[in-house]
Amino acid sequence: MPRIAVIPGDGIGVDVTTEAVKVMVAIRASGIDLQWDEFDYNADKYLATGITLPDEEVENFRNNYDAVYVGAVGDPRVPDMTHARDILLGLRFKLDLYVNYRPCHLLDESLCPLRDKGSDDVNFVVFRENTEGVYTHVGGHLKKGTDDEVAIQTSINTRKGVERICRHAFEYAKANGLSKVCMSDKSNAMRFEGDLWQRVFFMVAKEYPDIEASHWFIDALLMQMVKRPEQFDVIVSGNMFGDIITDMGAQLCGGMGLAASGNIHPGKTSLFEPVHGSAPKYAGKDVANPMAAILTVGVMMETLGYPEWTPRLENVVRKMIKTGNVPRDMGGNLGTAAVGDWVVKNL
Ligand code: NAD
Ligand code: IPM
Ligand code: MN
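Note that this is a predicted model, so its numbers are computed, not measured.

Caption draft 1: Layout of the nonpolar core. Ranked by internal contacts, the top residues of the largest apolar core, which has 82 residues, are Met24, Tyr69, Phe127, Val181 and Val297. Two domains share this core, each providing at least three of its residues, namely domain 1 (1-98 + 265-347) and domain 2 (106-255). Not counting residues within four places of it along the chain, the set of residues in contact with valine 181 comprises Ala169, Phe170, Ala173, Phe201, Ile211, Glu212, Ala213, Ser214, Val234 and Val236. Among the nonpolar cores identified, the runner-up in size contains 18 residues, and Val58, Phe61, Tyr65 and Ile87 belong to it.

Structure below.
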């Protein structure tokens, strides 16, 4: 009996989570005893009470739930992102969700912004290291607010952290019959972390002689993703570069409205969320595209041991694209709720 903690969050996070929950209802109706509870951690709660995400709740998620599902967090009334950092990055760090899995599969050729590229060309997955790098909140200010101000943001890279994400990328390739893993960093300029990533990646690669291990510097990688995306099966990178790679990857597949993701620690309570944010200007207007949120339910089910739901949901989305039943960001006119209803009806 999988148990899910659902956090709709802010902005369109709320709109798209409503549709994701419709799909969970359909999954339960199909015979899987899926259960979920909703939690109201968001900007409203933070502004009213000062509460972001209490440590006891993180322990509750860890001990009593199999997954956490997040819509999106981020609100213009909280410009320093305090609550979003505690909720999203807090869960990634405290649950040690070191694998940020962000598949980039072009579901229909018509969606690709690249000339002459199809579904066989844009067909790769990205593994973003999710617990280290510049996201660790290590650093500080000196003489803040003065002319002599200093800001330091430190990038943390551990041998263990780099090794486990690189190994995960190779294991995924092996398990899925994929022949190439590409690592990306900026080791020509950032020598200390770059040296560690280079040594560890190619050391792990030796354990997988049947898989081709390659490397692009991050600037060249982004250029290659546009020029020759067909060269990629699996891409592995650090936290910040992985963030950047996956927004571009999303656009190659038709935009943020379609990009799903999982923040995973294999075997432990993991977190699932669309790649997109809370897009405040679209909140509550029935225009946000919930497909990313719905496909994220597929990634969640896949991780929980029900792999059939990803192809099932992808097939419905493909059918919607083929028949022009798509929301505004994809050139159609279906509202957020209508997309969810369409998916459920056609599952
Ligand atoms: P965003 O992804 O929220 O929106 C950027 C643009 O992408 C939108 O203006 C819209 O044009 C488009 N878009 C994104 N999702 C869409 C959808 N489902 N349907 C239709 N169009 C969609 O990114 P942003 O504007 O940089 O960030 C807004 C807030 O969200 C910020 O507070 C940011 O920190 C936060 N954020 C949160 C997450 C998360 O919770 N995982 C991820 C990214 C950004
Ligand atoms: C994402 C988001 C987050 C990140 C932000 C909201 C901190 O952009 O999930 O991709 O950078 O990881
Ligand atoms: Mn991002």
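Caption draft 2: Summary view of the pattern of salt bridges. Throughout the structure, instances matching the rule amount to 21 salt bridges. Aspartate 40 is the partner of lysine 45 in a salt bridge, and the nearest nitrogen-oxygen pair spans 2.8 Å. The exposure class of lysine 45 is partly exposed, given its relative accessible area of 22%. One salt bridge connects glutamate 230 with lysine 117, and the closest N-O pair in it is separated by 3.3 Å. Here the residue glutamate 230 occupies a position in the loop between helix H7 (218-227) and strand E10 (234-237), and lysine 117 occupies one in the loop between strand E4 (99-105) and strand E5 (123-129), the gap between them amounting to 113 residues. The network of salt bridges with shared partners includes Arg159, Glu163, Arg167 and Glu207.

Caption draft 3: Structural context of the environment of threonine 296. Here threonine 296 shows up in helix H9 (residues 291-303). Residue threonine 296 is classed as buried on the basis of its relative accessible area, which comes to 0%. Along the primary structure threonine 296 and proline 274 are separated by 22 residues, whereas in three dimensions their C-alpha atoms are 5.9 Å apart. Discounting residues that sit within four places of it in the chain, threonine 296 has contacts with Tyr69, Ala260, Ser261, Phe272, Glu273 and Pro274.

Caption draft 4: The arrangement of the sheet that holds E10 in detail. Overall, mixed pairing links the 10 strands, which are arranged E2-E1-E3-E12-E11-E4-E5-E10-E8-E9 in an open sheet. The open sheet has two edge strands, strand E2 (35-38) and strand E9 (212-217), and neither has a second partner. Taken pair by pair, the neighbouring strands of this sheet meet at an average axis angle of 20 degrees, ignoring direction. Bridging between strand E1 (residues 3-9) and E2 involves four bridges; their strand directions are parallel. Within the sheet, the bridge partner assigned to arginine 3 lies in E2 and is glutamine 35. Contacts from helix H5 (residues 159-175) reach E4, E5, strand E8 (180-185), E9 and E10 within the one sheet, and its direction differs from that of E5 by about 160 degrees. In the packing of H7 onto the sheet, the strands contacted are E5, E8, E9 and E10, and the crossing angle to E9 comes to about 105 degrees.

Reading the values: the criteria
- Residues numbered from 1 in each chain as written.
- Chains lettered and ligands numbered in written order.
- Predicted model: local features only at pLDDT ≥ 70, side-chain atom pairs only at ≥ 80, totals over all residues.
- Heavy atoms only, no water.
- Core = buried A, V, L, I, M, F, W, Y, C linked by side-chain atoms within 4.5 Å.
- Buried < 20%, exposed > 50% of the residue type's maximum accessible area, 1.4 Å probe, protein only.
- Domains from an automatic or database assignment.
- Contact = heavy atoms within 4.5 Å.
- Salt bridge = Lys/Arg side-chain N within 4 Å of Asp/Glu carboxyl O.
- Helix = DSSP H or I, 4+ residues; strand = E, 2+ residues; numbered from the N terminus.
- Pairing = 2+ DSSP bridges.
- Axes fitted to C-alpha atoms, helices over the stretch in contact; angles between N-to-C directions.

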